[in-house]
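Residues per chain are reported as follows:
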Amino acid sequence: MKPNSGTLVINIMNGGKAEAYEGVYQCTARNERGAAISNNIVIRPSRSPLWTKEKLEPNHVREGDSLVLHCRPPVGLPPPIIFWMDNAFQRLPQSERVSQGLNGDLYFSNVQPEDTREDYICYARFNHTQTIQQKQPISVKVFSTKPVTERQPVLLTPTGSTSTKVELRGNVLLLECIAAGLPTPVIRWIKEGGELPANRTFFENFKKTLKIIDVSEADSGNYKCIARNTLGSVHHVISVTVKAAPYWITAPRNLVLSPGEDGTLICRANGNPKPSISWLANGVPIAIAPEDPSRKVDGDTIIFSHVQERSSAVYQCNASNEYGYLLANAFVNVLAEPPRILTPANKLYQVIADSPALLDCAYFGSPKPEIEWFKGVKGSILRGNEYIFHDNGTLEIPVAQKNSAGTYTCVARNELGKIQNDVQLEIKDPTMIIKQPEYKVIQRYGQVSFECIIKHDSTLLPTVTWLKDNDELPDDERFLVGKDNLTIMNVTDKDDGTYTCIVNTTLDSVSASAVLTVVAAPPTPAIIYARPNPPFDLELTGQLERSIDLSWIPGDENNSPITNFVIEYEDALHEPGVWHYQTEVPGTQTTVQLKLSPYVNYSFRVIAVNKIGRSQPSEPSEQYLTKSASPDENPANVQGIGSEPDNLVITWEPLKGFQSNGPGLQYKVSWRQKDVDDEWTSVIVANVSKYIVSGTPTFVPYEVKVQALNDLGYAPEPSEVIGHSGEDLPMVAPGNVQVHVINSTLAKVHWDPVPLKTVRGHLQGYKVYYWKVQSLSRRSRRHIEKKILTFRGNKTFGMLPGLEPYSSYKLNVRVVNGKGEGPASPDKVFKTPEGVPSSPSFLKITNPTLDSLTLEWGSPTHPNGVLTSYTLKFQPINNTHELGPLVEIRIPANESSLILKNLNYSTRYKFYFNAQTSVGSGSQITEEAVTIMDEAGILRPAVGAGKGYSEILFATSPVMHTVRPTFYKVQPLYPRIRNVTTAAAETYANISWEYEGPDHANFYVEYRVAGSKEDWKKEIVNGSRSFFVLKGLTPGTAYKVRVGAEGLSGFRSSEDVFETGPAMASRQVDIATQGWFIGLMCAVALLILILLIVCFIRRNKGGKYPVKEKEDAHADPEIQPMKEDDGTFGEYSDAEDHKPLKKGSRTPSDRTVKKEDSDDSLVDYGEGVNGQFNEDGSFIGQYSGKKEKEPAEGNESSEAPSPVNAMNSFV
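Residues numbered from 1 in each chain as written. Predicted model: local features only at pLDDT ≥ 70, side-chain atom pairs only at ≥ 80, totals over all residues. Heavy atoms only, no water.

J.: Give me the state of the cysteines: which residues, what numbers.
T.: Evaluated as defined, the whole model comprises five disulfides. Disulfide partner of Cys71: Cys122, at an S-S distance of 1.9 Å. Linking Cys71 and Cys122, the disulfide has an S-S dihedral of approximately -70° and is accordingly described as left-handed. Linking Cys71 in the loop between strand E6 (67–69) and strand E7 (81–85) with Cys122 in strand E10 (residues 117–126), this pair joins segments that are 51 residues apart in sequence. Taking relative accessible area as the criterion, Cys71 reaches 0% and is therefore assigned buried. (Disulfide = S-S within 2.5 Å. Helix = DSSP H or I, 4+ residues; strand = E, 2+ residues; numbered from the N terminus. Buried < 20%, exposed > 50% of the residue type's maximum accessible area, 1.4 Å probe, protein only.)

J.: Would you mind going over the sheet that holds strand E38 (residues 406–414) in detail, with residue names and values included?
T.: Read across the sheet, four strands follow the order E32-E39-E38-E35 without closing on themselves; strand pairing throughout is mixed. Strand pairing shows two members of the sheet lacking a second neighbour, strand E32 (347–352) and strand E35 (370–375), which therefore form its edges. Pairwise comparison of adjacent strand axes, ignoring direction, gives a mean angle of 25° for this sheet. Examined bridge by bridge, E32 and strand E39 (residues 417–428) share six bridges and lie parallel to one another. Within E39, the residue paired with Lys347 across the bridge is Val423. (Pairing = 2+ DSSP bridges. Axes fitted to C-alpha atoms, helices over the stretch in contact; angles between N-to-C directions.)

J.: Explain the pairing of strand E65 (residues 735–743) to me, using residue names and the numbers behind them.
T.: Bridging between E65 and strand E66 (residues 746–752) involves six bridges; their strand directions are antiparallel. When the sheet's bridge partners are listed, Gly735 is paired in E66 with Asp752. Where E65 hands over to E66, the hairpin turn is made up of two residues, counted between the paired strands.

J.: Could you give an account of unusual backbone geometry, with specific residues and numbers?
T.: In this structure, Pro183 follows Leu182 across a cis peptide bond, with omega equal to 5°. Looking at the element boundaries, Pro183 is found in the loop between strand E16 (178–182) and strand E17 (186–191). Going from Asn272 to Pro273, the amide bond is cis rather than trans, its omega being 5°. Considering the arrangement of structural elements, one finds Pro273 in the loop between strand E24 (268–272) and strand E25 (276–281). Despite not being glycine, Tyr445 has its phi angle at roughly 75°, a positive value.

J.: Run through the nonpolar core, naming residues and quoting values.
T.: In terms of nonpolar packing, the biggest core is built from 20 residues, with Ile991, Trp993, Phe1003, Val1005, Leu1030 and Phe1058 touching the most fellow members. Among the elements of the structure, strand E80 (976–984), strand E81 (989–996), strand E82 (1003–1009), strand E84 (1027–1030) and strand E85 (1038–1045) are those that each provide at least two residues to this core. (Core = buried A, V, L, I, M, F, W, Y, C linked by side-chain atoms within 4.5 Å.)

J.: Now, about the packing of aromatic side chains: what can you tell me, with residues and values included?
T.: Describing an aromatic ring pair means giving the distance of the ring centres and the angle of the ring planes. One pass over the structure, following the stated rule, counts 21 aromatic pairs. Aromatic pair Tyr602 and Phe604: ring centres 5.5 Å apart, planes at 5°, arrangement stacked. Using a relative accessible area of 3% as the deciding quantity, one classes Tyr602 as buried. When the ring of Phe874 is compared with that of Tyr909, the centres are 6.2 Å apart and the planes differ by 65°; the resulting orientation is edge-to-face. Of this pair, Phe874 sits in strand E74 (residues 869–877) while Tyr909 sits in strand E77 (residues 908–916), and the two are 35 residues apart along the sequence. With a relative accessible area of 4%, Tyr909 lands in the buried category. (Phe/Tyr/Trp six-rings, centres within 6.5 Å; stacked < 30°, edge-to-face > 60°.)

J.: How would you summarise the sheet that holds strand E83 (residues 1017–1020) if you had to cite specific residues and measurements?
T.: Pairing is antiparallel in the open sheet, where four strands are placed in the order E83-E82-E85-E86. The sheet is open, and its two edges are formed by E83 and strand E86 (1056–1059), each paired on a single side. Averaged over all neighbouring strand pairs, the angle between strand axes comes to 30°, with direction disregarded. Here four bridges tie E82 to E83, and the two strands are oriented antiparallel to one another. When the sheet's bridge partners are listed, Tyr1004 is paired in E83 with Ile1020.

J.: Describe in detail the environment of Asp571, supporting the description with residues and values.
T.: Topologically, Asp571 is positioned in strand E52 (residues 564–571). The class for Asp571 is buried, based on a relative accessible area of 3%. Along the primary structure Asp571 and Tyr624 are separated by 53 residues, whereas in three dimensions their C-alpha atoms are 9.7 Å apart. With residues near it in sequence (within four places) discarded, Asp571 still touches Pro576, Val578, Val600, Asn601 and Phe658. Within the structure, Asp571 has its side chain in polar contact with the backbone nitrogen of Asn601 (distance 3.4 Å). (Contact = heavy atoms within 4.5 Å. Polar contact = N/O pair within 3.5 Å; in protein donor to acceptor, adjacent residues only side chain to side chain.)

J.: Any chance you could break down the pattern of salt bridges for me, citing the residues and the numbers?
T.: In total, this model carries 32 salt bridges according to the counting rule given. Its salt-bridge partner being Lys435, residue Glu451 comes within 2.7 Å of it at the nearest N-O pair. Residue Glu451 is located in strand E42 (residues 448–451), and its partner Lys435 is located in strand E40 (residues 432–435); the two are separated by 16 residues in the primary sequence. The salt bridge involving Asp469 is made with Lys468; its shortest N-O contact spans 3.2 Å. Given a relative accessible area of 43%, Asp469 falls into the partly exposed group. When salt bridges that share partners are traced, they join Asp86, Arg117 and Asp119 into one network. (Salt bridge = Lys/Arg side-chain N within 4 Å of Asp/Glu carboxyl O.)

J.: Residues and numbers for the pairing of strand E50 (residues 536–541), please.
T.: Across four bridges, E50 lies against strand E51 (residues 547–553) in antiparallel orientation. Pairing of Glu539 across the sheet is with Ser551, part of E51. Count of turn residues in the E50/E51 antiparallel hairpin: five residues, of which Gly542 carries a positive phi of about 60°.

J.: Describe in detail the environment of Thr459, supporting the description with residues and values.
T.: Here Thr459 shows up in the loop between strand E43 (453–455) and strand E44 (463–468). We classify Thr459 as exposed; its relative accessible area is 51%. Distance in space between the C-alpha atoms of Thr459 and Asp429 is 9.3 Å, their sequence separation being 30 residues. A polar atom in the side chain of Thr459 sits 2.7 Å from the side chain of Lys428.

J.: Let's hear about a nonpolar patch on the surface: which residues, and what values?
T.: A cluster of nonpolar side chains, namely Leu1086, Leu1089, Ile1090, Ile1093, Val1094, Phe1096 and Ile1097, defines an oily patch on the protein surface of about 660 Å² accessible area. By the secondary structure assignment, Val1094 is in helix H2 (residues 1075–1102). For Val1094, a relative accessible area of 41% gives the class partly exposed. (Patch = residues over 30% accessible without salt bridge, like charges linked within 9 Å, V, L, I, M, F, W, Y side chains within 5 Å. Areas by Shrake-Rupley, 256 points an atom, 1.4 Å probe, with all protein chains shown as cover.)

J.: I'd like to hear about the side chain of Ser366, residue by residue, with values.
T.: In this fold, Ser366 is placed in strand E34 (residues 363–366). Of note is the side chain of Ser366, whose polar atom sits 2.7 Å from the backbone oxygen of Leu335. Among all residues touching Ser366, those that are not within four sequence positions of it are Leu257, Ser258, Leu335, Ala336, Glu337, Asn414 and Leu416.

J.: So what's going on with the side chain of Ser294? Residues and values would help.
T.: Topologically, Ser294 is positioned in the loop between strand E26 (284–285) and strand E27 (295–298). Here Asp292 takes part through its side chain, which lies 2.9 Å from a polar atom of the side chain of Ser294. At a separation of 3.1 Å, a polar atom in the side chain of Ser294 contacts the side chain of Ser311. The residues contacting Ser294, other than those within four sequence positions of it, are Ile303, Phe304, Ser305, His306, Val307 and Ser311.

J.: Please give an account of the environment of Arg72 that cites residues and values.
T.: You can see Arg72 is positioned in the loop between E6 and E7. Taking the C-alpha atoms as reference, Arg72 lies 9.0 Å from Cys122; in sequence the two are 50 residues apart. The residues touching Arg72, leaving out its near neighbours within four places in the chain, are Trp51 and Asp105.

J.: Give me the confidence of the model for the protein: which residues, what numbers.
T.: With 84% of its residues at a pLDDT of 70 or more, the protein has an overall mean of 83. Every residue in residues 1063–1069 is under pLDDT 50, and counting partners more than four places away or in other chains gives 21 contacts. In this model, residues 1103–1211 is a region of pLDDT below 50 whose contacts with residues beyond four sequence positions or in other chains number 123 contacts. (pLDDT = per-residue confidence, 0-100.)

So this is what it looks like as structure tokens:
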């Protein structure tokens, strides 16, 4: 048991079993006056037993039949919550056809083929132990029989035609009906002989469950559920009886009696069945309790007669029936106390004449005192209809008049004595507006004034407030509020409205209103405006200790009316040469009474103000020194806040010089610990603003006050403020930290609050530090970045958002006070489950050819789990924005590229790409790409014509799912041309675009050299195609291009820039202008020159041989003369670009000429195996037989030879 407390703590954290403490507990509190007892407290350990093992056979069910899957969870304490899920921990969908009953079973009104599955799993969640038990999976296989027979409804639960239900008053009534049948029956509920209670009736589980909350005996009766489908209906009647545990009608109340008085204790309760009443005295049945002759028990009442002090006791009333019990304690305290009056002595009451007055006289005593009221010192007792006497001692005067003022005496007496107390009543005159504001019509830019002259009690301080249209006045310097008027300068149209004057005092309030109408002003001649001249002839009159009258004569206003006068003062005693603002008055006023402070040497000056500005200050008035006095006020903003654990720092705002009211200003600082009956400790300090009290306990409350004093005396008694000594860091960490992972990005953390005594300061809240330890997918640690969440106040839980899926985290919790943070709780480790991944980091489409595209991608930046695969979907888009058949490909997770082949040429494709984990698919990334145009200029077929798509081969072996080739029309929002793309070669470019708008549009393409000011060149597009080939372009030149539609003025796409350059993948190039080709030609020419020199020398030595003639005779038929005008090979033109290339007509991809592709070589001239020189230098075999076959090998096609072959033949 905790010390100084009745709390019993049972702690099994350090050993022991909960079962050992199971039982019924009751607390008894006892002193010399009696004993009180608590209700019975039942302690039972929570239980979450395991599921009993059972062999589950598969359920083979015919389509359309009903089915019940039994859960039969283990019996736990408290009972478990039942739900059905599959192997993927996804809740099984429920509907009118399939639903879970109150007993946890899963009911099928009729089974369908889609109900076939092997993972119907019933889960039981025991919340108290935070455990979930799982039943073995149940298999259901549905077989079809044609046709499926329809059936009329049959009730699966409850069985039979009638049943009964007993529920307790105040509980929730749940009635359930689940029916089988085909079609699925619909459930309806009615109450026989009555209506279902409004606002308390709810339907759940697709109307299969009727729920009535807060039931009472009136809800008893017969409830009928009706299940109906097209073939018939069935019903069931549930007879509901509402019983009631005992509930109070009259609970016993405490009695305070004086010796010899009588009293009763009444204990009345009701219930169904009627509860029995039993009495106990000091926790003992009254039948065996010590006898008390003043006590008599009469059923539910105890009667006390002529009680004595020994009759004091605590009585317990027990009302019980079979459904529960009530227990109430009530003490009978026999006291003999003389009267006491609790109302403060000489309390002052102030009321307005003709208003009610209430004079308090709170009292206590035993026996109960009698209260009498007197007026005046020798007045008689007050009686009569002009007074009302309340039971709590208050005297009410319904209509207080002037003659009601005076001293009233309250007398309280009983047989043990009497006491009296005086209170004062003052009657004040009501506040009145004797001259109200009047309706005004004013010209624009004029000046208007509303008067509000009041009469009030001289002892009350009125405040005057002006409103415009029941709202505050505009924040505008044109509005001048005087003592008894409101002036508006330079009136404008927006100043129209209703102006209200409200006068408030501490006791009453009055108001009056007037309307202002603004009209146009007549034209006026130009006037020169200037600031006013300063006032003069300042005079001081009516000198008193605390006030003085100041008057002056205004200077010239210089054509702009003076709006107000500002009065300033100088204190030559404390701040000579410094002028302070004193007050201001309207421009129509030339005298004012000024309030003064003691011990100040005053002089005054006046400044006039108009709308142009302020005048120069007037000459100062004569000086006036006020007499010294004790301070009128005490320092403001007194605080007691400790800066260290063992001190209390008392601070205040010091009084200003003129507030000191005299010489020798000091402060009396007092303090005492709150709630400890200590005497005040005081110290007098000089004119400072802080005092430090040392040696205080840590963080305890103190009462603090600071009083000003000077050489003439003390200020009034100051008010007390509550402060605290210094805080220290919290001593203990929060315990029992628990983390509940809600989903992959959110967790909930719980902790037990620390005892307030260990906080040692103002509890500001709790801080949760949490950080990611590592990602479970990458298994790589990173720099730990701790995050902090602060939960204000005494919260014991919080949510941790923004977690990364599939990661390991740690956290701890600390308590925070004004000093700082306490120790951290032990680190708690938790893990987040897998989530869906983010989109792939990029998707690039490269290497476009006639029939293929290469896709490259990057893995998701945040995989959020283990990637299982990628999914690629793509489809063609034609020029009418119709989408072709969708192709889906599943790609292994370790792949990062894919080549799509056998695509349609010059076709736009749209790609959708995402990644998957075991949880599901992540967000997708989209991209579009176009295959290049066929080089022969063949138009592509429209998507949807013929087959519409080709069979596609892939670089990997994916699983393909082709969706039905249905086309979906994409409705454009408005006519537009967008996504203009270009694929440029040396002398031509393929332009494509997307068009959204009316059908049958006629397009044109405009282009010009980028950066030039030449006119746009225009090419008309045949038909409504969304692509076009620009020919005759200059290689290596940047062009601007745009696309427009005929008949739509100004309707063009945005401009695109492209540059002609090297050919695409299979284009031929003019190598005659390439540097490497020129170098090769020079090297070959040099080699030939050397060979000719060698042959010439040999010929001169061995005779002449007609080699040149034989070379001419065997000339290669592929040799073509070069044109002199353009430097190209003969018979080669750009028209050949669009012809299919055959063997030997292409330059290899590395742009080198292979030996087997050459039409000639030095081997043929005798340096190889097949040819030898004679000793005289002539060829043995002239040209070999190989030379004669090469033209056929190198030119199998009838096409014109390529420039490369021409070059090889020439060599």
